[in-house]
Structures are given as C-alpha cells and as structure tokens.
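The chain contents come next:
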Amino acid sequence: MRNCPRCNTTMVEDLELRTNDGLGICVSQKGLFGSAVGKVSCAVCPECGHIETYLENTDKVKKLANK
Ligand SMILES: [Zn+2]
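Residues numbered from 1 in each chain as written. Predicted model: local features only at pLDDT ≥ 70, side-chain atom pairs only at ≥ 80, totals over all residues. Heavy atoms only, no water.

## A word on the packing of aromatic side chains
- The final tally for this structure, using the stated rule, is zero aromatic pairs.
- Across the ring face of Tyr 54, the terminal group of Arg 2 is positioned such that the distance to the ring centre comes to 3.7 Å. (Phe/Tyr/Trp six-rings, centres within 6.5 Å; stacked < 30°, edge-to-face > 60°. Lys NZ or Arg CZ within 6 Å of the ring centre and 35° of its normal.)

## Observations concerning the coordination of the zinc ion
- Bound to the zinc ion on the protein side are Cys 4 (SG), Cys 7 (SG), Cys 45 (SG) and Cys 48 (SG), at distances that span 2.3 to 2.4 Å.
- Read in sequence order, the donor residues for the zinc ion give the motif C-x2-C-x37-C-x2-C. Of the two residues, Cys 4 is situated in the segment before β1 (12-16) and Cys 48 in the loop between β3 (36-44) and β4 (51-55); the sequence distance between them amounts to 44 residues.
- Cys 4 gets classed as buried once you look at its relative accessible area, which sits at 2%.
- Residue classification places Cys 48 among the partly exposed residues on the basis of a relative accessible area of 42%. (Donors = N, O, S within 2.8 Å, 3.2 Å for Na, K, Ca; no water. Helix = DSSP H or I, 4+ residues; strand = E, 2+ residues; numbered from the N terminus. Buried < 20%, exposed > 50% of the residue type's maximum accessible area, 1.4 Å probe, protein only.)

## Looking at unusual backbone geometry
- Although it is not a glycine, Asn 8 sits at a positive phi angle of roughly 65 degrees.
- Along the chain, the position of Asn 8 falls in the segment before β1.
- Residue class for Asn 8 comes out exposed when judged on its relative accessible area of 55%.

Here it is as structure tokens:
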C-alpha cells in the first residue's frame with residue numbers, strides 16, 4: 001500500500017501510464033538496442049491527484065544495481 005507523499009492519503013495503485021495512442025510506457029536501458037527493464041505502473045492519490053510511477057517487477061533493476 002502506498003500513501004501519498006503530499007497529503008498521506010492511501011493511493012490507488014496498479015494503474016498504467018499510457019500515451020494518447022494507447023501504448024504503455026516502459027523503462028529500458030539507454031541506446032537503440034537497450035533491453036527493457038520493466039513496464040511503468042502508476043498510483044494516483046484520489047485527494048490531490050499526485051501521480052507516482054513505479055515498476056511492478058524490480059528483478060531486472062536489482063540485477064543492474066548489483067553489476
Ligand atoms: Zn495526495
């Protein structure tokens with residue numbers, strides 16, 4: 001469970017950021033052939049509208065951190 005860093009309300013999680021043409025957004029390594037690290041999920045505060053992004057699966061980030 002995430003609380004809003006601005007007003008401490010419980011945030012609505014497991015939402016998705018999309019471009020206007022409906023495609024999701026992902027994090028990947030730099031460069032033309034950089035491999036994908038994960039799909040971006042987001043949580044939104046129902047009170048103030050603050051948006052927080054996060055990766056649902058952090059396995060690949062952990063591997064990069066341990067390089
Ligand atoms: Zn808030």
